[in-house]
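# Descriptive analysis of the structure
For reference, the chains in residue letters:
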Amino acid sequence: MTATDADYVAGLVDELQQRHPDLLSAENDLAVLRVRLRIVATWIHNQAYDHTARQALAQALGLPEPTPERQ
């Protein structure tokens, strides 16, 4: 990215912050929710935890269910 491109992007960010602070706030909230969802999905597929609990949480959240543990 050139200095001109960086200046352009910075200008767009400033304009977004001034004209649409609610949109910027929503984007920040969405970023937080994506991180939390990633943490939950990792937990759901971690076989160190109880399979029934992981399966129930996946179903409640509408996420892919964990695969059964291998014996």
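The preceding data block contains the structure.
The paragraphs below set out a description of the structure included in this document. (Residues numbered from 1 in each chain as written. Predicted model: local features only at pLDDT ≥ 70, side-chain atom pairs only at ≥ 80, totals over all residues. Heavy atoms only, no water.)

### Some words on the environment of Gln18
What counts here: Helical segments are the DSSP runs of H or I of at least four residues, strand segments are the runs of E of at least two, and each set is numbered from the N terminus.
Considering the arrangement of structural elements, one finds Gln18 in helix 1 (residues 3–19). For the pair Gln18 and Leu33, spaced 15 residues apart in sequence, the C-alpha to C-alpha distance is 24 Å.

### Notes on the packing of helix 1 against helix 2 (residues 21–44)
We count it as follows: A fitted line through C-alpha atoms represents every axis, and for helices the fit uses only the stretch in contact; the resulting angles, taken between N-to-C directions, go from 0 to 180 degrees. An angle counts as roughly parallel when it lies under 35 degrees, as roughly antiparallel when it exceeds 145, as roughly perpendicular when it falls between 65 and 115, and as oblique in every other case. Throughout, a residue-residue contact means that at least one pair of heavy atoms, one from each residue, lies within 4.5 Å.
Their axes nearest at 5 Å, the elements helix 1 and helix 2 cross at an angle of 105°. By the criterion of interaxial angle, the relationship of helix 1 to helix 2 is roughly perpendicular. Residue-level inspection shows Leu16, Gln17, Gln18 and Arg19 of helix 1 in contact with helix 2, the latter providing Pro21, Leu23 and Leu24.

### Focus on the packing of helix 2 against helix 3 (residues 51–61)
At a closest axis distance of 9 Å, the pairing of helix 2 and helix 3 adopts a crossing angle of 140°. Of the residues in helix 3, those in contact with Val40, Trp43 and Ile44 of helix 2 are Ala53, Arg54, Leu57, Ala58 and Leu61.

### What to know about a nonpolar patch on the surface
Convention followed: Residues with no salt bridge and a relative accessible area higher than 30% make up the patches, which join like charges within 9 Å and nonpolar side chains (Val, Leu, Ile, Met, Phe, Trp, Tyr) within 5 Å. Here the open area of atoms and residues is found with the Shrake-Rupley method and a 1.4 Å probe, where only the protein chains shown may cover a residue. When a carboxyl oxygen of Asp or Glu is within 4 Å of a side-chain nitrogen of Lys or Arg, the pair counts as a salt bridge. The buried label goes to any residue with under 20% of its type's maximum accessible area, the exposed label to any with over 50%, and the partly exposed label to all in between, with areas taken from a 1.4 Å probe on protein chains only.
Side chains of Met1, Tyr8, Val9, Leu12 and Val13 sit close together on the surface and give an oily, nonpolar patch of about 550 Å² of accessible area. Among the secondary structure elements, Met1 is positioned in the segment before helix 1. Take Met1: its relative accessible area is 79%, and that puts it in the exposed class.

Without other data, these values stay purely geometric and don't point to any function.
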